[in-house]
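# Breakdown of the fold
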Amino acid sequence: MIRKFKPSQKKTYRLNQRIFASPLRVIDAEGKLIGVLSKFEALKLAQEQELDLVEIAPKANPPVAKIIDFNKFLYQQEKKKKEEKKKAKVSETKEIRLGPFMSDNDLQVMVKRGQGFLEEGHKLRLVVKFRGRQIVHPEFGREVVGKLIKSLEGLSKVDREPHFEGKQLVTLLSVEKGKKHEKNKEEN
């Protein structure tokens, strides 16, 4: 069995003697530019301050190195990643399954569920499943989807018109621009 090599996703940094480039653009611990120095001068400065010389941008011309405590540097990088992850907008596609012969009461429950998903900023996928010989009457499924779309009309827009995927009638709705934010402003 052949195993493929998967490169590590963690970024590796060269430290102190492992830095190969000789002229380096050196930055001190406070973030101030010291200037372009040889590798040995930069190492000497780092040792005097009892810190590490870390190559931050090896592809720059000349490569950029920073004089800093390496463990502190790694901690700051991890902290930045966590902050970026918190700020990232997560939008999921929520699915509501329907039947072609649903009563109005069941449909209203699905409308409320759909409103909740849309207010949270998620996309909504409406799926009408046809079983057995129900597929002979697709107009009933289109009618159910039409009612749901009409009920959610002010809050959503149709991204993808109802279409068949096998024995399923599928449509995609998303939040209309500005509608989600107006709802949040009313609550405050």
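What follows concerns the nonpolar core. By size, the foremost hydrophobic cluster in this structure holds 21 residues, and its most contacted members are I96, L98, L124, L126, L148 and L152. Looking at this core, the elements with two or more residues in it are strand 6 (93-98), helix 3 (104-119), strand 7 (123-129), helix 4 (138-151) and strand 9 (168-175). Broken down by element, this core gets its largest block of residues, 5 residues, from helix 3. Setting aside anything within four residues of it in sequence, one finds I96 in contact with M110, R113, G114, F117, L124, R125, L126 and V127.

Once that is clear, we can look at the packing of helix 3 against helix 4. Geometry of a packed helix pair, given as the angle between the helix axes and the separation of the axes. Closest axis-to-axis distance for the helix 3/helix 4 pair is 10 Å, and the angle between their directions is 45°. Here helix 4 runs oblique to helix 3, going by the angle between their axes. Judged by the sense of rotation from one axis to the other, the crossing of helix 3 with helix 4 is right-handed. Taken together, the residues of helix 4 that come into contact with helix 3 (itself represented by D104, L107, M110, V111 and Q115) are V144, K147, L148 and S151. Grouping the constituent residues of the contact of helix 3 with helix 4 by class yields 5 nonpolar, 2 polar and 2 charged.

Okay, the pattern of salt bridges next. Enumeration according to the criterion identifies 7 salt bridges in this entry. A salt bridge links E55 to R14, with the shortest nitrogen-to-oxygen separation between them at 3.2 Å. With a gap of 41 residues between them, E55 in strand 4 (residues 52-57) and R14 in strand 1 (residues 14-15) connect regions that are remote in the sequence. Judged by its relative accessible area of 5%, E55 falls in the buried class. For the salt bridge of R97 with E95, the shortest nitrogen-to-oxygen distance reads 2.9 Å. Taking the relative accessible area as the measure of exposure, E95 reaches 32% and is therefore partly exposed. Among the charged side chains, a salt-bridge network with shared partners connects E95, R97, R125 and E165.

Moving on to the sheet that holds strand 9. Strands sit in the order 6-7-9-8 across an open sheet of 4 strands; the sheet is mixed. Edge positions in the open sheet fall to strand 6 and strand 8 (156-165), since each of these has one partner strand only. Each neighbouring strand pair of the sheet contributes to a mean axis angle of 20°, computed without reference to strand direction. For strand 6 and strand 7, the ladder comprises 6 bridges, and the chain directions are parallel. Across the sheet, the residue bridging to E95 is R125, located in strand 7. Strands strand 6, strand 7, strand 8 and strand 9 of the sheet are contacted by helix 3, whose axis makes an angle of about 175° with strand 6. Along the sheet face, helix 4 touches strand 6, strand 7, strand 8 and strand 9 and points at about 10° away from the line of strand 9.

Rules used in this analysis
- Residues numbered from 1 in each chain as written.
- Predicted model: local features only at pLDDT ≥ 70, side-chain atom pairs only at ≥ 80, totals over all residues.
- Heavy atoms only, no water.
- Core = buried A, V, L, I, M, F, W, Y, C linked by side-chain atoms within 4.5 Å.
- Buried < 20%, exposed > 50% of the residue type's maximum accessible area, 1.4 Å probe, protein only.
- Helix = DSSP H or I, 4+ residues; strand = E, 2+ residues; numbered from the N terminus.
- Contact = heavy atoms within 4.5 Å.
- Axes fitted to C-alpha atoms, helices over the stretch in contact; angles between N-to-C directions.
- Parallel < 35°, antiparallel > 145°, perpendicular 65-115°, else oblique.
- Left-handed = near helix turned anticlockwise from the far one by under 90°.
- Nonpolar A, V, L, I, M, F, W, Y, C, P; charged D, E, K, R; others polar.
- Salt bridge = Lys/Arg side-chain N within 4 Å of Asp/Glu carboxyl O.
- Pairing = 2+ DSSP bridges.

Spatial relationships are all this shows, so hold off on functional conclusions.
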